[in-house]
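The primary structure of each chain is shown beneath.
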Amino acid sequence: MLHIKKLNLDEIREIYNAYMHEAFPPSELRPFASMEMLYNKNCYPCYGFYDETDSLCAYAYFSCTENGKYALLDYFAVKKTCAARASAARLFPCCAQK
């Protein structure tokens with residue numbers, strides 16, 4: 001069973017450096033400084049999806065308006081090692097609850 005954790009800035013940076021450069025083409029990857037700026041304005045909530053051993057299986061980064069009324073899914077990826085357990089169809093209902 002997967003559980004969701006809201007990520008802090010250090011965790012967001014760690015995932016960015018470890019996984020996002022492989023998962024997304026350079027032309028589609030925003031600079032981390034941009035993510036950090038939005039995060040510090042409370043406009044960039046990010047979530048990790050972890051398995052029962054607390055290993056990261058997937059992540060979702062959102063960009064949202066300052067009032068929190070609207071959110072845009074900025075990045076979503078599932079690690080290859082977890083693809084069978086962490087399909088988008090199973091994870092998105094979890095995001096809606098957060």
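As the structure is a computational prediction, the values presented were derived from the model and not from experiment.

The rules behind these values
Residues numbered from 1 in each chain as written. Predicted model: local features only at pLDDT ≥ 70, side-chain atom pairs only at ≥ 80, totals over all residues. Heavy atoms only, no water. Helix = DSSP H or I, 4+ residues; strand = E, 2+ residues; numbered from the N terminus. Buried < 20%, exposed > 50% of the residue type's maximum accessible area, 1.4 Å probe, protein only. Contact = heavy atoms within 4.5 Å. Areas by Shrake-Rupley, 256 points an atom, 1.4 Å probe, with all protein chains shown as cover. Arc of directions from axis to C-beta. Phe/Tyr/Trp six-rings, centres within 6.5 Å; stacked < 30°, edge-to-face > 60°. Core = buried A, V, L, I, M, F, W, Y, C linked by side-chain atoms within 4.5 Å. Pairing = 2+ DSSP bridges. Axes fitted to C-alpha atoms, helices over the stretch in contact; angles between N-to-C directions.

### A word on the overall build of the protein
Here's step 1: Helix and strand content of the protein: 3 helices and 4 strands.
Here's step 2: When the elements of the protein are put in sequence order from the N terminus, they spell out β-α-α-β-β-β-α.
Here's step 3: Relative to its full complement of 98 residues, the protein shows a buried share of 40%.
Here's step 4: For the protein, the share of sequence-separated contacts (at least 6 apart) that also reach a separation of at least 24 residues comes to 49%.
Here's step 5: Of the accessible surface of the protein, which amounts to about 6,000 Å², a share of 54% is contributed by carbon and sulfur atoms.

### Brief notes about helix α2 (residues 32–40)
Here's step 1: Here α2 has its buried residues at F32, S34, M35 and L38. Down the axis of α2, the buried side of the element spans an arc of 155 degrees, and every buried residue falls inside it. Exposed and facing more than 90 degrees away from the buried side of α2 are A33 and N40.
Here's step 2: Where α2 terminates, the next one or two residues include N42, which has phi positive at roughly 60 degrees.

### Quick word on the packing of aromatic side chains
Here the distance between the centres and the angle between the planes together describe a pair of aromatic rings.
Here's step 1: In the structure shown here, the tally under the stated rule is 5 aromatic pairs.
Here's step 2: Here the aromatic rings of Y44 and Y61 are separated by 6.0 Å at their centres, their planes lie at 85 degrees, and the arrangement is edge-to-face. Of this pair, Y44 sits in the loop between α2 and β2 (46–50) while Y61 sits in strand β3 (residues 56–64); the two residues are 17 residues apart in sequence, bridging distant segments of the chain.
Here's step 3: One aromatic cluster is present, formed by Y44, Y59 and Y61 through successive ring pairs.

### Things to note about the nonpolar core
Nonpolar side chains in soluble globular proteins tend to end up buried together.
Here's step 1: M20, M35, Y59, Y61 and Y75 are the most contacted members of the largest nonpolar core, which has 21 residues in total.
Here's step 2: Sorting the residues of this core by element identifies α1 (9–23), α2, β2, β3 and β4 (71–78) as the ones contributing at least two each.
Here's step 3: By residue number, the principal contributor to this core is α1, which donates 5 residues.
Here's step 4: Not counting the four nearest positions on each side in its chain, M35 is found in contact with Y16, M20, R30, Y44, Y61 and Y75.
Here's step 5: Residues I4, A58, A60 and F76 belong to the second largest nonpolar core, which totals 7 residues.

### Looking at the sheet that holds β4
Here's step 1: What the 4 strands build is an open sheet, ordered β1-β2-β3-β4; its pairing is antiparallel. Sheet topology places β1 (3–6) and β4 at the edges, where each strand pairs with a single neighbour. Looking at each pair of strands side by side, their axes are set apart by 20 degrees on average, direction ignored.
Here's step 2: In this structure, β2 lies alongside β3, joined through 5 bridges in antiparallel fashion. Bridge pairing in β3 places Y47 opposite A60.
Here's step 3: Packed on one face of the sheet, α1 meets β1, β2, β3 and β4 and runs near 105 degrees to β3.

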